[in-house]
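Listed here are the chains, written in short residue letters.
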Amino acid sequence: MELIEAIEGRTRFFIPGQDENSAFPPGTAPVFYNRRMEFNRDATVLLLQVIRPDHYIDTMGATGVRGLRIAHECEIPVTINDRDECAVNLIRKNVLHTGLNNVTVTKSDVNVLLSGQRFDAVDLDPFGTPAPFIDSAIRSARRFLMVTATDTAPLCGAHKKAGIRRYFSQPLNNEYHSETGLRTLLGFVVREALKYDIGLIPQFCFAHEHFVRLHLQVRRGAPAAERTLSSIGYILQCPKCPSRSEQHGLLPRAEVCEYCHTPLIPIGPLWLGALQSETLLDTMVEMIEQFPLGTSRQLATLLTLCRNELSVAGFYDYHQLARREKRSPPSMEDLLDRIHALDFPATRCHYLGTGVKTTAPLPMLLQAVKGDP
Ligand SMILES: C[S@@+](CC[C@H](N)C(=O)[O-])C[C@H]1O[C@@H](n2cnc3c(N)ncnc32)[C@H](O)[C@@H]1O
Ligand SMILES: [Zn+2]
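Throughout this document, residue positions are counted from 1 along each chain, in the order its sequence is written. Whichever chain is written first is A, and whichever ligand is written first is 1; the rest continue in order. Given that the model is predicted, a residue must reach a pLDDT of at least 70 before its local features are reported, and side-chain atom pairs must reach 80 or more before they are shown or counted; all residues, however, enter totals for whole chains, interfaces and linings. Excluded from the side-chain calculation are hydrogens and water; included are all heavy atoms of the structure.

Turning our eyes to something else, we now look at the sheet that holds strand β14 (residues 316–317). If you trace the 3 strands from one edge of the open sheet to the other, you get β14-β16-β15, paired in antiparallel fashion. Only two strands of the sheet have a single partner each, and these edge strands are β14 and β15 (346–348). If DSSP finds at least two bridges between two strands, the strands pair. In DSSP terms, a helix is any run of H or I states spanning at least four residues, a strand is any run of E spanning at least two, and both are numbered starting from the N terminus.

If even one non-hydrogen atom of a residue comes within 4 Å of a molecule or strand, that residue is called near it. Near ligand 1 you find 18 residues, and of these Arg-41, Met-60, Asp-82, Val-110 and Asp-125 are the closest. In this structure, Arg-66 approaches ligand 1 through a side-chain N or O atom, which is 3.4 Å from an oxygen atom. Between ligand 1 and Arg-83 there is a distance of 3.3 Å, counted from a nitrogen atom to a backbone nitrogen or oxygen. Burial of ligand 1 by the protein amounts to 93% of the accessible area it has alone, namely 600 Å². Counting residues per element, the ones that place at least two in the shell around ligand 1 are α2 (65–73) and β4 (78–82). Gly is placed with the polar residues, together with every amino acid not listed as nonpolar (Ala, Val, Leu, Ile, Met, Phe, Trp, Tyr, Cys and Pro) or charged (Asp, Glu, Lys and Arg). Within the shell around ligand 1, the residues separate by chemical class into 8 nonpolar, 3 polar and 7 charged. Under the rule applied, a polar contact is a pair of N or O atoms within 3.5 Å (in protein, one hydrogen donor and one hydrogen acceptor; residues adjacent in sequence only if both atoms are side-chain atoms). Note on areas: Shrake-Rupley with a 1.4 Å probe; residue coverage comes only from the protein chains shown.

Here the focus is the coordination of the zinc ion (ligand 2). Listed as protein donors to the zinc ion (ligand 2) are Cys-238 (SG), Cys-241 (SG), Cys-257 (SG) and Cys-260 (SG); their distances from the metal cover 2.3 Å. In this listing, donors mean N, O and S atoms no farther than 2.8 Å from the metal, or 3.2 Å for Na, K and Ca; water is missing from the atoms, so a site can look incomplete. Here the metal geometry follows the donor angles, with tetrahedral for four donors whose angles all fall between 85 and 135 degrees, square planar for four and octahedral for six when opposite donors are more than 155 degrees apart and every other angle is between 65 and 115, and irregular for all the rest. Metal-centred angles of 94 to 128° between the 4 donor atoms at the zinc ion (ligand 2) mark the site as tetrahedral. In the primary sequence, the donor residues of the zinc ion (ligand 2) line up as C-x2-C-x15-C-x2-C.

Our focus in this paragraph is the domain arrangement of the protein. Those domain boundaries reflect an automatic or database domain assignment. Taken as a whole, the protein is organised into domain 1 (3–306) and domain 2 (315–370). Between domain 1 and domain 2, the C-alpha centre-to-centre distance is 29 Å. Residues count as neighbours in contact if any of their non-hydrogen atoms are within 4.5 Å of one another. With 19 residues of domain 1 at the contact, the number on the domain 2 side is 14 residues. Carbon and sulfur atoms supply 60% of the area buried between domain 1 and domain 2, which totals about 1,300 Å² over both sides. Across the salt bridge formed by Lys-357 and Glu-179, the nearest N and O atoms sit 2.6 Å from each other. At the junction of domain 1 and domain 2, the tally comes to 4 residue pairs in polar contact (both at pLDDT 80 or more). Elements with a contribution of two residues or more to the side of domain 1 that touches domain 2: α8 (177–194), β9 (206–208) and α11 (296–308). Looking at which element gives the most residues to the side of domain 1 that touches domain 2, the answer is α8, with 4 residues. Its residues assigned to classes, the side of domain 1 that touches domain 2 shows 12 nonpolar, 2 polar and 5 charged. Two parts placed together each lose some accessible area under a 1.4 Å probe, and the buried area is that loss summed for both. Here, a salt bridge means any Lys or Arg side-chain nitrogen found within 4 Å of an Asp or Glu carboxyl oxygen.

Now the structure itself:
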């Protein structure tokens, strides 16, 4: 295997040569490495620098870059695992190359490894869906669980049948599908935890380009699980107009749209609670200045957006609302000012540049979009 030296953050490591002329170069090498996921890795490196677990396992290491960076840049003891022989050989080579002495390398199926051993922080970074690995990861994780999903089409409702099979949840492929995808994955992970009387508290969860990323705190015991369960429910979406509402509970209850009286469509079950720990995000924003990361500017923007995002499920694309009203859209600043002037909270959101979160009733929001007095 031809090897090339790469660098992310402060870590140098080898990656396999890729066919740069291919539509998806990472898919052309014997061991997977996707440069576009540096942003995802940077987010986790910075977060771990704040939460400081006693031990971290990169369960699906490939080149090992994620675990190597955490061992080197955060100086946290790490285990890096992969079931693929070629990957494990490269991980071992990379450990030698970096000279790290706080890394253990294992070659195992992730479900087998996590069923037999507990780790303080468990990270799942599979190809596509993490659904088959969540159960063992929850049993293994002492304090933190991190999950990447790249199967955004099933999660967001574009591949509806696959999404229902994997996550046992009804998606809807509409303008806020990226948020539905994130909340659907979170709802699924939570349901897998509840059966063990384990509660989960979202620390920093976001959707970005082609992936969804969860960073969760694990709390054992029935009271913690009950608190977590209370955030499960549905988004009820009107199929005829932009109106939607949240409904907490295990089963969806039939409702009609309060504006056009059409029966609402339930999306879920999914997570309706907060997606972030505000104090953690504040600390990450403070720390990012002193921490050399390749994507720090982009990450700082994401952290600020997530920190300030209103915790209500289902954003509006206000350009779509303006088109529907046959008006040209105002600037984001003007729109937010107008909603605030009507005495309702409103914020940008991290999913979409023209996305708005608000608790304002639909007629008020449309009034603000149109700029009507
Ligand atoms: C998307 S790649 C991981 C990328 C890596 N974490 C990074 O940041 O570059 C997925 C890796 O998981 C490994 N893998 C897939 N299924 C596995 C399983 N059941 N047990 C252990 N490793 C597995 C594959 O061999 C592959 O190397
Ligand atoms: Zn309606």
